[in-house]
Amino acid sequence: MAQAISKIPTWLMITVYVLILAVLGLCTDLFTFLVGTGIMTLIFAGGYDRDNLHDH
């Protein structure tokens, strides 16, 4: 399963991130949006760093 995740293109990761933030912004209250934004940022930043570690 880790191999399937590593083949996700960067543009798709960014699109999914923005869509999740849009859903959080439109369908939840402010506290849930802020906490969800923080958690999603940490998850996606960790995934991006893992995929692009060889570029640094």
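Before reading on, note that the structure itself is shown above.
The structure contained in this document is the topic of the report that follows. Computed from a prediction, not measured in an experiment: that's the story for all the values here.

1. What about the overall build of the protein chain?
Looking only at helices and strands, the protein chain has three helices and zero strands in total. Along the protein chain, from the amino end to the carboxyl end, the secondary structure elements read α-α-α. Looking at the protein chain as a whole, 16% of its 56 residues are labelled buried. As displayed, the protein chain offers around 4,500 Å² of accessible surface, 75% of which is attributable to carbon and sulfur atoms.

2. Here's the deal with the nonpolar core
Formed by Met-13, Leu-21, Leu-24, Met-40 and Phe-44, the largest nonpolar core amounts to five residues. The set of elements that each furnish at least two residues to this core consists of helix H2 (10–27) and helix H3 (30–51). The element contributing the most residues to this core is H2, with three residues.

3. Notes on a nonpolar patch on the surface
A grouping of Ile-8, Trp-11, Leu-12 and Val-16 is seen on the molecular surface, where their side chains present a nonpolar patch of about 360 Å² in accessible area. In this fold, Trp-11 is placed in helix H2.

Reading guide: rules and limits
- Residues numbered from 1 in each chain as written.
- Predicted model: local features only at pLDDT ≥ 70, side-chain atom pairs only at ≥ 80, totals over all residues.
- Heavy atoms only, no water.
- Helix = DSSP H or I, 4+ residues; strand = E, 2+ residues; numbered from the N terminus.
- Buried < 20%, exposed > 50% of the residue type's maximum accessible area, 1.4 Å probe, protein only.
- Areas by Shrake-Rupley, 256 points an atom, 1.4 Å probe, with all protein chains shown as cover.
- Core = buried A, V, L, I, M, F, W, Y, C linked by side-chain atoms within 4.5 Å.
- Patch = residues over 30% accessible without salt bridge, like charges linked within 9 Å, V, L, I, M, F, W, Y side chains within 5 Å.
- Salt bridge = Lys/Arg side-chain N within 4 Å of Asp/Glu carboxyl O.

Structural measurements only, silent on function.
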